[in-house]
Amino acid sequence: MTIIRTAVVTGAARGIGAAVAKRLARDGFAVAVVDLDEAAGKPVVAEIEAGGGRALAVGADVADEQAVQAAVDRIATELGEPTVLVNNAGITRDNLLFKMTAEDWDAVMNVHLRGSFLVTRAVQGYMTKAGWGRIVNLSSTSALGNRGQANYAAAKAGLQGFTKTLALELGKFGVTANAIAPGFIETEMTAATAARVGVPFEDFTKAAAAQIPVARTGKPEDIAHAVSFFVGEDAGFVSGQVLYVAGGPKA
Ligand code: NAP
């Protein structure tokens, strides 16, 4: 009998998270589609169900300790005890350092770092109990430094340290932890960046593609494919790694 495992994907109502949720459902996981607003996750759940999969939309702010615990409790009861976690929820609050407010700094740290910490802490007990688990954290090429993103770059670099520490602490329980560092992926996040700098998205992606060795920008499915590898049964000896998925060498 094949075991149906439950995966939690945060920020899964759209963009990379939605593509990851759909891919993991296709791979045979029951998927919790976690986002700020439960209603926003419902179309993704409907698509998964229409394809014959199982999914549950759950509303929670990943930076809110009580909301995270309530969400994970609900997922365990209604969908199954989660043994796969993809920490994908993210925001940007870009500005040059001298114009960056403390609120912009805190908001980014809270979602990426505090959020990943809280959800991972809430889920890891199910993984260690099962003697099997897979954690994937969304870093970014911005971890290497990116103008206008002191907050985001620091958070994404921080997630790499977080990932390696999870790999060290949880390895003996059959749990792996890896990070994916995407380059330019076409989502609402990059569309918002284009809008902020006043460039039509089509021109923005064209300019980005000109700098990328494979001569195109990334799609959410490119990241979903890498997640699918890391959470697979056969990837148990791959842990503590950072995979740059950026159409060329980065680190
Ligand atoms: P996106 O289109 O902006 O989607 C992010 C999702 O996360 C949204 O549905 C958003 O909900 C949700 N979210 C934000 N704050 C949350 C919170 N506190 N709790 C729960 N959910 C929350 O972003 P994306 O481009 O798909 O990016 C996904 C991840 O990949 C992020 O971690 C991002 O930093 C990373 N990444 C993206 C790129 C890229 O080029 N796109 C490159 C490198 C890394 P709302 O819609 O309600 O705000």
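Residues numbered from 1 in each chain as written. Predicted model: local features only at pLDDT ≥ 70, side-chain atom pairs only at ≥ 80, totals over all residues. Heavy atoms only, no water.

Draft legend 1. Layout of the overall build of the protein chain. Along its length, the protein chain carries eight helices and seven strands. By the compact-globule yardstick of 18 Å for 251 residues, the protein chain fits well, its C-alpha radius of gyration being 17 Å. Principal-axis analysis of the C-alpha atoms places the extent of the protein chain at approximately 50 × 35 × 35 Å. Here the protein chain holds 251 residues, and the buried ones make up 50% of them. Long-range contacts, defined here as pairs at least 24 residues apart, represent 70% of the contacts in the protein chain between residues at least 6 apart. Accessible area for the protein chain stands at about 11900 Å²; split by element, carbon and sulfur atoms hold 55% of it. Separation of charge centres in the protein chain, based on 23 positive and 25 negative side chains, amounts to 5 Å. (Helix = DSSP H or I, 4+ residues; strand = E, 2+ residues; numbered from the N terminus. Rg over C-alpha atoms; globule rule 2.2 N^0.38 Å. Buried < 20%, exposed > 50% of the residue type's maximum accessible area, 1.4 Å probe, protein only. Contact = heavy atoms within 4.5 Å. Areas by Shrake-Rupley, 256 points an atom, 1.4 Å probe, with all protein chains shown as cover. Lys, Arg positive; Asp, Glu negative; His and termini not counted. Charge placed at Lys NZ, Arg CZ, Asp CG, Glu CD.)

Draft legend 2. A look at the site of the ligand. The environment of the ligand is formed by 28 residues, the closest being Arg-14, Asp-35, Asn-88, Tyr-152 and Thr-187. Interatomic distance of 2.8 Å between a backbone N/O atom of Ile-16 and an oxygen atom of the ligand. Interatomic distance of 2.8 Å between a side-chain N/O atom of Asp-61 and a nitrogen atom of the ligand. For the ligand, whose unbound accessible area comes to 900 Å², protein coverage reaches 90%. Of all the secondary-structure elements, those providing two or more residues to the shell around the ligand are helix H1 (15-26), helix H4 (102-130), helix H5 (150-170) and helix H6 (188-197). Per-element tally for the shell around the ligand: the top contributor is H6, with three residues. Residues belonging to the shell around the ligand are distributed by class as follows: 13 nonpolar, ten polar and five charged. (Near = heavy atom within 4 Å. Polar contact = N/O pair within 3.5 Å; in protein donor to acceptor, adjacent residues only side chain to side chain. Nonpolar A, V, L, I, M, F, W, Y, C, P; charged D, E, K, R; others polar.)

Draft legend 3. Focus on helix H2 (residues 38-50). Over its 13 residues, H2 extends 18 Å from the first C-alpha to the last, a length consistent with the 18 Å expected when each residue adds 1.5 Å. In H2, a bend of some 25 degrees at Val-44 exceeds every other bend along the element. For H2, every residue scored as buried is listed here: Gly-41, Val-44, Val-45 and Ile-48. Residues of H2 that are buried in the fold lie against H1, strand S2 (30-35) and strand S3 (55-59). Positive phi shows up at Gly-52, right after H2, with a value of about 95 degrees. (Expected span 1.5 Å × (residues − 1). Bend = angle between axes of the 7 residues up to and from the residue.)

Draft legend 4. Structural view of the nonpolar core. Judged by nonpolar contacts, the single largest core of 32 residues is most densely connected at Leu-24, Val-31 and Val-227. Of all the elements in the fold, those that place two or more residues in this core are strand S1 (6-10), H1, S2, H2, S3, strand S4 (82-87), strand S5 (133-138) and helix H8 (220-231). In terms of residues, this core owes the most to one element, H1, which gives seven residues. Those residues in contact with Val-227, other than ones at most four positions away along the chain, are Val-20, Leu-24, Val-86, Val-136 and Ile-180. Val-34, Ala-89, Val-119 and Leu-159 belong to the second-largest nonpolar core, a separate cluster that totals 31 residues. (Core = buried A, V, L, I, M, F, W, Y, C linked by side-chain atoms within 4.5 Å.)

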